[in-house]
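Report on the structure
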Amino acid sequence: MATIPAANDWWRSAVVYQVYPRSFADSNGDGIGDIRGIIEHLDHLVFLGVDALWISPWYPSPLADGGYDVSDYCDINPDFGTLDDADALVTRAHELGLRIIIDLVPNHSSEEHPWFKEALAAVPGSPERDRYIFRDGHGVNGELPPNNWPSVFGGSAWQRITESDGTPGQWYLHFFDVSQPDWNWKNPEVVKEFDRILKFWFDRGVDGFRIDVANSMVKESGLPDLPENEEIGELVGNSPMWDQPGLAPIQRRWRAIADEYQDTPEGPRMFVAEAYLPHDRLVRYLEPDRLHASFNFEFLLSAWSAGSLRTTITESLAAHESVGASATWVLGNHDNFRPVSRYGKQISGLDFSDPAPPHAQFHGTPTDIVLGRRRARAAVMLELALPGGAYVYQGEELGLPEVEDLPDDVLQDPTWERSEHTDRGRDGCRVPLPWSGSEAPYGWSSTDNTWLPIPNTWADWTVEAEKNDPSSFLTLYRTLLAERRDNPALGAGTMRWNDSPDDVLDFSREPNFRCVVNFGDDAVLVMADSVIVASASLENHGELALIGRDQAAWLRS
Ligand code: GLC
Ligand code: CA
C-alpha cells in the first residue's frame, strides 16, 4: 500500500529530483544506466530528502536524442529494463514516500514508431500520412522544403522522403532531429492515442507527467513562413511554430483525465510543462483547468546578478499568482550547462529570447570553477527558499561540473552533427554519476566502458565521499531539504522583500524565516536570532552575521 502523503496538491511545494536514466546507475554492467540501478539507489534520494522523482524518457527508442525519440510510448527500453521493473520502481518509490513523474513526448515520435513506418509506406493524402505532418515540396519538382522553418537542432525542419515506388517524394516536419517526426495534433486519432498513453501509465500508478516541449505540438494552420530577417525574440507570442491557441483544448482534455484519478490512493495526477516561454505567456498554461506547474527557465537562464534575479522572481511570482498556480524554481537539467560551471563563466546568464540553444553560448569560454561552486551553493539556497516547488537535476546535489572536454568522438547529442560541429551540445551535463570509490567509473557500473566517459578527477565528488564531508554540496543540499520539510515558512506560500542594497537579495517568509544572498563586493551585516544554514562559513557574532560576496544565509529573524 502506498505511503505517499495524501495531499492533493503536493506539487505546489514539492522538491522533484530529475533522474536521467541512462546516467543514474548501471545495475548490470553494460555501460548504460537502468531502472534496476534507480531502484537500488532510491536510498540516496530518501537520504537527500526530496519528495518526488521525474524520470527522463525510459521508452523503447533508438536514442538518437537520448530517448526523446520514442518508438513505443507504452513499454520500456530493453536497455533500461522491463515494464515489470518500472512497476517495481513505482511501488518501491511509493513505499518510501516518493512520487514518480515520467516524461511524455507528445510533439514528435521516433522515426522507428510503427505509425511513422506506416506513414512512409502509405501514399500522399492517406490517413497514415495524416498522423504526421507531410507536405509536398515547393519548386518545379517539389525539391524545396514546404516552408522556411528551422529545426531547433540546426538546418531545416523539413526532410524529404523517397516514396515506396522509388521516386523523390513528400517532406515531413521535424522541429528537432530528422529522426523525430512531428505528430499532427489536428488528427483526432493522435489525440485519442495520447489519451490512451496517459491512462496506461496513470493506471500503473505514476503520479504525473513532465510534458516535453509543451508549447510546440500545435502549428498554425497553413504552416506559414516565418517572417524573413525577424529576430526570433520578436517572434515570441507571434510565431506560427510555437505557443499556438490550439494547445489549450488539449491541455484541458489532459487535465480532465488526470482529475479522473481523484479517488485513487495516489490522488489526482499532475502535469509539469517544459516550455521556454516568458512568464506571462507560460502561466496561461497553468490556468485552473489546464496544467499544474511548469519549469521556470527564466530563473535558470538568469545571469548571477541580484538585479536580474530580483526581476525574475518578482515577475514570476506575480504571474503565477494571477492564475492561482504555484511557482517553481530550477537551476539545471539534462539540456543546460551545469550550474557550478555556468556561474563560473564571465557571462553567467543568457538573454531569454536569444535564438541560440541555451547551452551553445557557454562552450569554449573560460570557467572559474571555484567561483562557480561558491555561487552555485548560494543559488540553491535562494532556489529552495523561494515560494513554490523546486527541481534538482541529478548530480547538482554533488556539485558536479559540466564536463567541457569530452572528446569529439564520444559526443552523442544530435546537436553536434546537425550544427556541423559548431555546437558541442548537451552531453557534458549527462555524464554518469559518481557513487563511490577512488577511480572511474566510481561504482556507477562494473564496466569501464560507460556510455559517456567519467572524468578521472571526480573521487572527491562521489556520493560516498560527500556523505561524510560536512562542507560538501551533498551535506548542504541535505541540510536545506531537511529544514524545508520541518520549517512551515518554506515551500508554497508568500514572501516579502526587505530593504537592501541593490546587489543583495533579502526576503522574509512567515513565520520567522529570512534569506539573504549577497552578490556584491561589500559584506553585509545582518541582525538575526540565529543562522540556520550558510552557503559558506560566515562570521557570526551573537546576533550579528557578516555575509560575504556570493554567499547566502538562511536566518531566524
Ligand atoms: C526537450 C528535451 C530535450 C529534447 C527536446 C526534443 O527540450 O528536454 O532533451 O532534445 O525536447 O524532444
Ligand atoms: Ca545497464
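Let me sum up the structure you'll find in this document. (Residues numbered from 1 in each chain as written. Chains lettered and ligands numbered in written order. Predicted model: local features only at pLDDT ≥ 70, side-chain atom pairs only at ≥ 80, totals over all residues. Heavy atoms only, no water.)

**A short note on the overall build of the protein chain**
Put simply, the rule reads: Where helices and strands are cited, they refer to DSSP runs of H or I of at least four residues and of E of at least two residues respectively, numbered from the N terminus. We take the radius of gyration over the C-alpha atoms and set the globule estimate at 2.2 Å times the residue count to the 0.38 power. When accessible area is computed with a 1.4 Å probe and restricted to protein chains, residues below 20% of their type maximum are described as buried, those above 50% as exposed, and intermediate ones as partly exposed. A contact between two residues is defined here by any heavy atoms of the two lying within 4.5 Å.
Within the protein chain, the secondary structure is distributed over 16 helices and 19 strands. Relative to the globule expectation of 24 Å for 557 residues, the C-alpha radius of gyration of the protein chain, 23 Å, shows essentially globular dimensions. Along the longest, intermediate and shortest principal axes, the C-alpha atoms of the protein chain span 85 × 50 × 50 Å. Residues counted as buried form 60% of the 557 residues belonging to the protein chain. Contacts in the protein chain between residues at least 24 apart in sequence constitute 68% of all its contacts with a sequence separation of at least 6.

**Looking at the nonpolar core**
The test is simple: We call a set of buried residues a nonpolar core when its members are Ala, Val, Leu, Ile, Met, Phe, Trp, Tyr or Cys and they connect through side-chain atoms within 4.5 Å of each other.
One finds W58, W185, W201 and W554 to be the most contacted residues of the largest nonpolar core, which totals 151 residues. Ranked by residues supplied to this core, first place goes to helix α13 (residues 369-385) with eight residues.

**Comments concerning a nonpolar patch on the surface**
Rules: Candidates for patches are residues over 30% relative accessible area with no salt bridge; among them, like charges are joined within 9 Å and nonpolar side chains (Val, Leu, Ile, Met, Phe, Trp, Tyr) within 5 Å. For the accessible areas, the method is Shrake-Rupley and the probe is 1.4 Å, while residue cover comes only from the protein chains on display. Each salt bridge in this description consists of a side-chain nitrogen of Lys or Arg and a carboxyl oxygen of Asp or Glu lying within 4 Å of one another.
A grouping of L525, M527 and L544 is seen on the molecular surface, where their side chains present a nonpolar patch of about 300 Å² in accessible area. Position of L544 among the secondary structure elements: in strand β18 (residues 544-547). Its relative accessible area of 32% is what places L544 among the partly exposed residues.

**Quick word on the pattern of salt bridges**
Going through the model one piece at a time under the given rule, you end up with 34 salt bridges. Residue K219 is joined to D182 by a salt bridge in which the shortest nitrogen-to-oxygen separation is 2.8 Å. In this pair, K219 is assigned in the loop between β7 (208-211) and α7 (232-235) and D182 in the loop between β6 (168-173) and α6 (188-203), connecting sequence segments 37 residues apart. In this structure, K219 and D182 share a single accessibility class: buried. R252 serves as the salt-bridge partner of D289, at 2.8 Å between the closest nitrogen and oxygen. Remark: R252 occurs in helix α8 (residues 247-259) and D289 occurs in the loop between α9 (279-282) and β9 (293-294); sequence separation between them is 37 residues. Assessed through its relative accessible area of 35%, R252 is described here as partly exposed.

**Description of the sheet that holds strand β17 (residues 539-541)**
Our working definition: One bridge is not enough; two strands pair if DSSP finds at least two bridges between them. Convention adopted: a line fitted to C-alpha atoms gives each axis, helices being fitted over their contacting stretch, and angles between N-to-C directions are expressed from 0 to 180 degrees.
Here we have three strands laid out as an open sheet, ordered β15-β18-β17, and antiparallel in their pairing. Two strands close off the open sheet at either side, each with one partner strand: β15 (524-527) and β17. Geometrically, the sheet is characterised by an average inter-axis angle of 20° between neighbouring strands, direction not taken into account. Both β15 and β18 contribute to a ladder of four bridges, which runs antiparallel. Bridging across to β18, V524 finds its partner in I547.

**A look at the side chain of H174**
What counts is decided by this rule: Polar contact criterion, stated in full: a pair of N or O atoms within 3.5 Å, where within protein one must be able to donate a hydrogen and the other to accept it, and residues adjacent in sequence count only if both atoms are side-chain atoms.
Position of H174 relative to the elements: it lies in the loop between β6 and α6. A distance of 3.3 Å separates a polar side-chain atom of H174 from the backbone oxygen of D177. In this structure H174 touches S151, S156, A157, W158, Q159, Q180, P181, D182 and R418, once residues within four positions along its chain are discounted.

**Some thoughts on the packing of aromatic side chains**
The description of an aromatic ring pair uses the distance of the two centres, along with the angle that the planes make with each other. Keep this limit in mind: Note on aromatic pairs: the rings of Phe, Tyr and Trp (six-membered ring only in Trp) are paired at centre separations within 6.5 Å, and the planes decide the class, stacked below 30 degrees, edge-to-face beyond 60, tilted for the rest. Distance and angle both matter: a charge sits over a ring if NZ of Lys or CZ of Arg is within 6 Å of the ring centre and within 35 degrees of the ring normal.
Tallied over the full model, the rule gives 36 aromatic pairs. Between F202 and Y261 the ring centres are 5.3 Å apart and the planes differ by 65°, which places this aromatic pair in the edge-to-face class. Here F202, found in helix α6, pairs with Y261, found in the loop between α8 and β8 (270-273); they are 59 residues apart in sequence, far enough to count as distant. Of the residues examined, Y261 reaches a relative accessible area of 8% and is grouped as buried. The aromatic ring of W416 is capped on one face by R424, whose charged end is 5.0 Å from the ring centroid.

**Remarks on helix α11 (residues 306-322)**
To keep things clear, this is the line we draw: Expected span of a helix: the number of residues minus one, times 1.5 Å.
Counted at 1.5 Å a residue, the expected span for α11 with its 17 residues is 24 Å, and the 24 Å between its end C-alpha atoms agrees. Listed as buried for α11 are A306, L309, T312, I313, S316, A319 and H320.

**Observations concerning the site of ligand 1**
Put simply, the rule reads: Distances are taken per atom, and a residue is near a molecule or strand as soon as one of its heavy atoms is within 4 Å of it.
In the vicinity of ligand 1, 13 residues are found, and the nearest of them are D65, H108, D212, E274 and D335. At a separation of 2.5 Å, an oxygen atom of ligand 1 approaches a polar side-chain atom of D335. A distance of 2.9 Å is found between an oxygen atom of ligand 1 and a side-chain nitrogen or oxygen belonging to R426. In isolation ligand 1 exposes 300 Å². Once the protein is present, 96% of that is buried.

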